[in-house]
Amino acid sequence: MANGHSRVIRRTAPDRRVLEADVCVVGAGISGVTAATLLGRHGRRVVLVDACPWVGGQAVGVPIGTIGGLFSSGPEPYLLTSIFATEILAELTEQDACFYQRSRRARTVNVVYDEVVLMRIFERKLRDAGVRLLLGGVLAEVERDDRHIRAVRVATRFGPCEIRARAFVETSGDAALSWLAGLACRTATFPIYGTQIVIVEGVDYSIADDPHEIMWEAERLFAEKRHEYGLSREKGVLFPLPSRSMAVLNVTHVATPLDPIAFWEEAAHGREEGELAFQLLKNEYPEAFGKARIRTMGHPGIRQTRSIVGRSMLTVDDVVAGTRFEDAVARVAWPIELHDTASGYRWEPFPDGHVHYVPLRSLVHAEADNLVAAGRCVDADPFALSSIRVMGPCMAMAAAAAEAIDLFLDGYASVHEVPASAVQERVRPNLESRMEWPPEVATRPVLRPRS
Ligand SMILES: Cc1cc2nc3c(=O)[nH]c(=O)nc-3n(C[C@H](O)[C@H](O)[C@H](O)COP(=O)(O)OP(=O)(O)OC[C@H]3O[C@@H](n4cnc5c(N)ncnc54)[C@H](O)[C@@H]3O)c2cc1C
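Note that the structure is a prediction, hence the values are computed from the model and not measured. (Residues numbered from 1 in each chain as written. Predicted model: local features only at pLDDT ≥ 70, side-chain atom pairs only at ≥ 80, totals over all residues. Heavy atoms only, no water.)

A.B. asks: Kindly report on the overall build of the chain, identifying the contributing residues and their values.
C.D. replies: Along the backbone of the chain there are 14 helices and 20 strands. Expected size for 451 residues packed as a compact globule is a radius of gyration near 22 Å; at 22 Å, the chain falls within 12% of this value. Its C-alpha atoms put the chain at 65 × 65 × 45 Å along the principal axes. The buried share of the chain, taken over its 451 residues, is 59%. Taking the contacts inside the chain whose residues are at least 6 apart along the sequence as the reference set, 75% of them involve residues at least 24 apart. Here the chain displays about 18100 Å² of accessible surface, and carbon together with sulfur accounts for 50% of that area. Taking the average place of the 51 positive charges on the side chains of the chain and the average place of its 58 negative ones, the gap between the two points comes to 4 Å. (Helix = DSSP H or I, 4+ residues; strand = E, 2+ residues; numbered from the N terminus. Rg over C-alpha atoms; globule rule 2.2 N^0.38 Å. Buried < 20%, exposed > 50% of the residue type's maximum accessible area, 1.4 Å probe, protein only. Contact = heavy atoms within 4.5 Å. Areas by Shrake-Rupley, 256 points an atom, 1.4 Å probe, with all protein chains shown as cover. Lys, Arg positive; Asp, Glu negative; His and termini not counted. Charge placed at Lys NZ, Arg CZ, Asp CG, Glu CD.)

A.B. asks: How would you sum up the site of the ligand? Please name residues and give values.
C.D. replies: Around the ligand lies a shell of 31 residues, among which Asp50, Thr66, Gly68, Arg389 and Met391 are the nearest. Taking Ile30, its main chain carries an N or O atom lying 3.2 Å from an oxygen atom of the ligand. Residue Arg376 places a side-chain N or O atom 3.0 Å away from an oxygen atom belonging to the ligand. At the level of secondary structure, the elements contributing two or more residues to the shell around the ligand comprise helix 1 (30-41), helix 2 (57-61), strand 3 (66-67), strand 7 (138-145) and helix 11 (391-409). (Near = heavy atom within 4 Å. Polar contact = N/O pair within 3.5 Å; in protein donor to acceptor, adjacent residues only side chain to side chain.)

A.B. asks: If you had to explain the pattern of salt bridges to someone new, which residues and values would you point to?
C.D. replies: Between side chains of opposite charge, a pair can form as their charged atoms come close. One pass over the structure, following the stated rule, counts 38 salt bridges. Across the pair Lys125 and Glu87 runs a salt bridge whose closest N-O atoms are separated by 3.0 Å. Here Lys125 is found in helix 4 (residues 115-128), whereas its partner Glu87 is found in helix 3 (residues 85-94), with 38 residues between them in sequence. You can call Lys125 buried: its relative accessible area is 11%. (Salt bridge = Lys/Arg side-chain N within 4 Å of Asp/Glu carboxyl O.)

A.B. asks: Lay out helix 4 in plain terms, naming residues and giving numbers.
C.D. replies: Between its first and last C-alpha, helix 4 extends 20 Å over 14 residues, near the 20 Å set by a 1.5 Å rise per residue. Along helix 4, the positions that sit buried rather than exposed are Glu115, Val117, Leu118, Ile121, Phe122, Lys125 and Leu126. A positive phi of about 75 degrees marks Gly130, the residue just after helix 4. (Expected span 1.5 Å × (residues − 1).)

A.B. asks: Please provide a residue-by-residue account of the environment of Ala288, values included.
C.D. replies: For Ala288, the position within the fold is in helix 8 (residues 286-289). In this structure Ala288 comes out as buried when scored by relative accessible area, which is 1%.

A.B. asks: Let's hear about the domain arrangement of the chain: which residues, and what values?
C.D. replies: Buried accessible area, meaning the area lost when the parts come together, often serves as the stated size of an interface. In terms of domains, the chain is made up of domain 1 (16-188 + 305-333 + 353-444) and domain 2 (198-296). Here domain 1 and domain 2 have C-alpha centroids that lie 28 Å from each other. Of the residues lining the interface, 24 residues belong to domain 1; the matching set on domain 2 comes to 19 residues. For the pair domain 1 and domain 2, the summed buried area comes to about 1700 Å², and 60% of that belongs to carbon and sulfur atoms. The largest per-residue losses of area from domain 1 upon contact with domain 2 belong to Phe99, Arg102 and Asp114, which jointly make up 29% of the total buried on that side. Between domain 1 and domain 2 we count four salt bridges in total. The partner of Arg295 in a salt bridge is Asp114, and the shortest N-O contact between them spans 3.3 Å. (Domains from an automatic or database assignment. Buried area = accessible area lost by both parts, 1.4 Å probe.)

A.B. asks: Outline the nonpolar core, listing residues and values.
C.D. replies: Among the nonpolar cores identified, the biggest contains 93 residues, and Leu92, Leu363, Ile388 and Ile405 are the most heavily contacted of them. Broken down by element, this core gets its largest block of residues, 15 residues, from helix 11. Here Leu92 is in contact with Ala97, Cys98, Tyr113, Val117, Leu118 and Ile121, once residues within four sequence places are set aside. Among the nonpolar cores identified, the runner-up in size contains 25 residues, and Val200, Phe222, Leu249 and Leu281 belong to it. (Core = buried A, V, L, I, M, F, W, Y, C linked by side-chain atoms within 4.5 Å.)

Rendered as structure tokens:
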């Protein structure tokens, strides 16, 4: 040692850091954050791994910008999923970092949020629950002993790391854990498009009495002028966040192949279109967008790629029928929203008051005893998945996954043996309650006709 430095040379393979945990949660999107926090609160030693160097997955890094599927549909929507969600909503509201947007298309309420605030809320929840974070860690290998996953190995910029755990939660969105473990997975037989989201700031909401008016006018302009600006999607959507002078533009379609080269080639087109969509608003709607700028274009948004093969696949017939399975653990009212063409998407809302359910069997991998999934990689056909993959149901599925794993760790030989009734007992508010939130949203008329 001299002058405060020392000379170092790597002579052997780098040491692998090894962590022991009760549960390893793979994927720190809204599903993984929910599951990890709830398991941490149960006193479990939890490691949460993500390839990205932030928590919140797509909710933060894309950023999606709008929580959908939390409320029922109809003139007086109530909260369908309350576990964990009410904490998040309360903090977003307290920090004036969200907007309860009335959706005429879905006849429900969406929550538009500031992603930086959401990320910090997630970080504090995880810290307070004692969850250990391993960010920037890409899954490289999975050790499996027949029906038991034993360990995952990740590559990080600081060297390799191994997490050995008694149970695993698959919240990677792409079923990356199951895939690398050599377990059966599903993919759609047709492409499902993602979107390059554009977050805009400096929007002048003072020109309208109601931010929804700016939203409607922007959406009208997207439909009318899209050819002039070379936009491939027929209908673009804007979500307003007036307290921050921000707006979320969900206007593009990008293919999201699970291929490391092709993915980023497609992403480049999405970025171009995103910029053109912003230019359209700036030129055609200068009163509201003349002084606006692009605040961020994050990771290209991935809707649906690969799912687990669970004990049972949720089908679109069950979604449409609203089948209440005997092992139902999550309640959903979001429409079928399948982005299966470059120019459009199927949008099939349900009648007011309709709810459908996700069974525990669709979360539990058929071929493993210590693995439960949640979020956009649970077992469902592509149509059914398109109605349950939004963030409200993701939180509900994650709460159920956390409770199933916690019960399993209490002494069951397999997650398949955990009684669904015990999980249901713990997530009862998500299945039964009709909570108004916040009261002024639920009581005022949500769906006024367009003038
Ligand atoms: C463009 C777009 C718009 C959408 N609009 C809305 C909307 O308005 N409202 C709404 O509620 N929902 C919307 N959705 C759906 C919703 O955002 C997602 O389905 C939801 O965020 C999924 O959460 P998740 O936690 O399951 O997965 P993700 O948020 O995708 O998280 C998965 C995490 O796993 C990590 N991961 C994946 N593979 C690996 C690996 N090999 N190693 C380590 N980590 C890995 C990823 O880095 C990621 O952080 C939209 C989705 C898209 C793509």
